[in-house]
2 protein chains.
Amino acid sequence: MAQPDEDRWPSRLVDMKAVDDLLRCAICFDYFNIAMIIPQCSHNYCSLCIRKFLSYKTQCPTCCVTVTEPDLKNNRVLDELVKSFSSARNHMLRLTLDSPPMSPLS
Amino acid sequence: MAQPDEDRWPSRLVDMKAVDDLLRCAICFDYFNIAMIIPQCSHNYCSLCIRKFLSYKTQCPTCCVTVTEPDLKNNRVLDELVKSFSSARNHMLRLTLDSPPMSPLS
Ligand SMILES: [Zn+2]
Ligand SMILES: [Zn+2]
Ligand SMILES: [Zn+2]
Ligand SMILES: [Zn+2]
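Each residue is numbered by its place in its chain's sequence as written, counting from 1. Note on labels: chains are lettered from A, ligands numbered from 1, in written order. Only residues with pLDDT of at least 70 get local features here, since the model is predicted, and only at 80 or more are side-chain atom pairs given and counted; chain-wide, interface and lining totals rely on the full set of residues. Processing note: side-chain calculations cover all non-hydrogen atoms of the structure and skip hydrogens and water entirely.

J.: I keep staring at the coordination of the zinc ion (ligand 3) and nothing clicks. Help me out?
T.: Around a metal, the ideal angle is 109.5 degrees if four donors adopt a tetrahedral arrangement and 90 or 180 degrees if six donors adopt an octahedral arrangement. Residues and elements named next belong to chain B. Coordination sphere of the zinc ion (ligand 3), protein contribution only: Cys25 (SG), Cys28 (SG), Cys46 (SG) and Cys49 (SG), at 2.3 to 2.4 Å. The rule for donors is simple: an N, O or S atom within 2.8 Å of the metal counts, and for Na, K and Ca the reach is 3.2 Å. Water is not among the atoms, so a site may look short of donors. Here the donor residues for the zinc ion (ligand 3) map to a single chain with the spacing C-x2-C-x17-C-x2-C. Using a 1.4 Å probe on the protein chains alone, a residue whose accessible area is under 20% of its type maximum counts as buried, one over 50% counts as exposed, and one in between counts as partly exposed. A residue is classified by how much of its surface remains accessible, and Cys46, at 4% relative accessible area, is buried.

J.: Can you walk me through the coordination of the zinc ion (ligand 1) in this structure?
T.: Residue and element names in this part refer to chain A. Cys25 (SG), Cys28 (SG), Cys46 (SG) and Cys49 (SG) make up the full set of protein donors to the zinc ion (ligand 1), lying at 2.3 to 2.4 Å. Geometry at the zinc ion (ligand 1) is tetrahedral, judged from its four donor atoms and the angles of 105 to 114° they form at the metal. Counting residues between consecutive donors of the zinc ion (ligand 1) along the chain gives the motif C-x2-C-x17-C-x2-C. In this pair, Cys28 is assigned in the loop between α1 (14–22) and β1 (35–37) and Cys46 in strand β2 (residues 44–46), connecting sequence segments 18 residues apart. For a four-donor site, all angles between 85 and 135 degrees give tetrahedral; for four or six donors, opposite pairs above 155 degrees with the remaining angles between 65 and 115 give square planar or octahedral; all remaining cases count as irregular. Only DSSP runs of H or I reaching four residues or more are called helices, and only runs of E reaching two or more are called strands; each is numbered from the N terminus.

J.: In this structure, what is going on with the sheet that holds β1 of chain A? I would like to understand it.
T.: Residues and elements named next belong to chain A. One open sheet holds the three strands; their spatial order is β2-β1-β3, and the pairing between them is antiparallel. The outermost strands of the open sheet, each flanked by one partner alone, are β2 and β3 (73–74). Here β1 runs beside β3; their pairing, made up of two bridges, is antiparallel. In the sheet register, Met36 faces β3, and the bridge partner there is Asn74. Pairing between strands is defined by DSSP: at least two bridges between them are needed.

J.: Help me understand the environment of Asp79 of chain A in this model?
T.: Residue and element names in this part refer to chain A. Secondary-structure assignment places Asp79 in helix α3 (residues 76–98). We classify Asp79 as partly exposed; its relative accessible area is 24%. It is 6.2 Å that separates the C-alpha atoms of Asp79 and Ala35, two residues lying 44 residues apart in sequence. Not counting residues within four places of it along the chain, the set of residues in contact with Asp79 comprises Phe32, Asn33, Ile34 and Ala35. Here, two residues are considered to be in contact whenever any of their heavy atoms come within 4.5 Å of each other.

Structure below.
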């Protein structure tokens, strides 16, 4: 359960951390990179992460349902969300650091 | 292309509007309510919206690929994103209205 950017979210933007978490792959913990959905269980992973995993074990790493590579389908809205959300995130963090009231970061 | 909440996003949070747009159904323009993905084209709609549409015409309303009801799969991460994002959004808008610098809303 690594959360590499946890401390980058200031307390006033704590609700955004839940959104951030949902846009991360449970294998590499980074934002989805070419998100693939497993239609039988609705779990998502980066294309490369899940293909590597399936070559070793033909199941979903989260819920263990049986999966083979042809089951995987692109979940393109997640790629678009990652793109928009990460620029929004950078913008918000900049605003938060720039704005005078409460910035506990040194 | 109705954007019912467009004017609710203050200019300093404009990047978030792109995220907001991606979490809305292209049939009802509201946030996804039980999001379903069409695996062949990766487009998403509310369960009720797309089922109603398919009963009238068996194609994706966005890209016109042939679709029947059994093709639809849950895209649960979108339901979770809607939940987290809308509370984050309300929190952010409250912060923006409360914070002294620049609030053009009367
Ligand atoms: Zn990954
Ligand atoms: Zn799964
Ligand atoms: Zn809808
Ligand atoms: Zn489509």
